[in-house]
Amino acid sequence: FVAQLDNKVQLHELAMHLNLSSCLPTHYRNASEATYPCILKPAFGCYGVDMLVANTSEDVYAAVPDFDEGSRNWALQECIRGRMEYSTSLLVQNGCILDMVTIRYEYDGEVYVWPRVREVGKWLHPNDESHREVMGRFLANYSGICNFNYKVRPDGRIAIFEVNPRVGADLT
């Protein structure tokens, strides 16, 4: 289960199983059907390593020549525009959220891959109950510390980029 949370391809599959795929950026199975710009990221990894903003399918194939439909090693997902990004760290026991803290970051760009963007500011942010409910559904069988990174769509819905089954960098 922990490996499924940590794997960006399997996280999408878990979201589909939980009927929560609308809480993640749209996942594209192949580069020809993607809406650009979009984000290409390895299934495993952290701190933005090997991630890129792809502006065309040619960008995808230049970065990953063997990218193919249903790739298990790479995730191609919708780029959620916006300067604000959120990081929520949670303490969870047997699926019950015991505590959580959210940090809101502002960056100097609308389309970016962290850390290749300049941070303008960061603030402690009130926890949103609807976002807590979504996170709780992903963590139904989890115990430990984890971190969700996401943006909020204009209509208020969460768009989760990744779940890290570890302490987030903002708390270290």
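Residues numbered from 1 in each chain as written. Predicted model: local features only at pLDDT ≥ 70, side-chain atom pairs only at ≥ 80, totals over all residues. Heavy atoms only, no water.

> Would you mind going over the pattern of salt bridges with me for this structure?
Side chains that carry opposite charge are capable of pairing whenever their charged atoms lie near each other. Within this structure, the stated rule accounts for six salt bridges. Salt-bridge contacts for Arg153 lead to Glu78; the nearest nitrogen and oxygen are separated by 3.1 Å. In this pair, Arg153 sits in the loop between strand 8 (144-152) and strand 9 (158-164) while Glu78 sits in strand 4 (residues 74-78), placing the two residues 75 residues apart along the sequence. Residue Arg153 is classed as buried on the basis of its relative accessible area of 13%. The shortest N-O distance in the salt bridge between Arg118 and Asp108 comes to 3.6 Å. Within this pair, whereas Arg118 is found in the loop between strand 6 (96-107) and strand 7 (119-125), its partner Asp108 is found in the loop between strand 6 and strand 7, the two being separated by ten residues in sequence. Residue class for Arg118 comes out exposed when judged on its relative accessible area of 52%. Residue classification places Asp108 among the partly exposed positions, given a relative accessible area of 38%. (Salt bridge = Lys/Arg side-chain N within 4 Å of Asp/Glu carboxyl O. Helix = DSSP H or I, 4+ residues; strand = E, 2+ residues; numbered from the N terminus. Buried < 20%, exposed > 50% of the residue type's maximum accessible area, 1.4 Å probe, protein only.)

> Got a minute to help me understand the environment of Ala34 in this structure?
Looking at the secondary structure, you find Ala34 in the loop between strand 1 (27-28) and strand 2 (38-42). Ala34 sits in the buried class, given a relative accessible area of 12%. For the pair Ala34 and Ala54, spaced 20 residues apart in the sequence, the C-alpha separation amounts to 9.9 Å. The residues touching Ala34, leaving out its near neighbours within four places in the chain, are Tyr28 and Leu76. (Contact = heavy atoms within 4.5 Å.)

> Explain the sheet that holds strand 1 to me, please; I cannot follow it from the model alone.
In a beta sheet, neighbouring strands pair by backbone hydrogen bonds and run either parallel or antiparallel. Pairing is antiparallel in the open sheet, where four strands are placed in the order 1-4-2-3. A strand with exactly one partner marks an edge of an open sheet, and here the two such strands are strand 1 and strand 3 (52-54). Direction of pairing for strand 2 relative to strand 3: antiparallel, over a ladder of three bridges. Across the sheet, residue Cys38 finds its bridge partner in strand 3, namely Ala54. Strands strand 1, strand 2 and strand 4 of the sheet are contacted by helix 2 (residues 8-17), whose axis makes an angle of about 60° with strand 4. (Pairing = 2+ DSSP bridges. Axes fitted to C-alpha atoms, helices over the stretch in contact; angles between N-to-C directions.)

> Explanation requested: the packing of aromatic side chains in the structure shown.
Describing an aromatic ring pair means giving the distance of the ring centres and the angle of the ring planes. Per the stated rule, a full pass over the model turns up four aromatic pairs. With 6.1 Å between their ring centres and 10° between their planes, Tyr105 and Tyr107 make a pair best called stacked. Through a chain of ring-to-ring contacts, the aromatic side chains of Tyr105, Tyr107 and Tyr112 assemble into a single cluster. (Phe/Tyr/Trp six-rings, centres within 6.5 Å; stacked < 30°, edge-to-face > 60°.)

> Even after reading the chapter, I still don't get the nonpolar core, so can you show me in this structure?
One broad rule of soluble globular proteins: the nonpolar side chains tend to lie buried together. By size, the foremost hydrophobic cluster in this structure holds 23 residues, and its most contacted members are Leu90, Phe138, Leu139, Phe148 and Ile160. With near-sequence residues (within four places) excluded, Leu90 lies in contact with Ile97, Asp99, Met100, Met135, Leu139, Gly144, Ile145, Cys146 and Phe148. Counting ten residues, the second-largest nonpolar core is a separate cluster that includes Cys38, Leu40, Ala54 and Val64. (Core = buried A, V, L, I, M, F, W, Y, C linked by side-chain atoms within 4.5 Å.)

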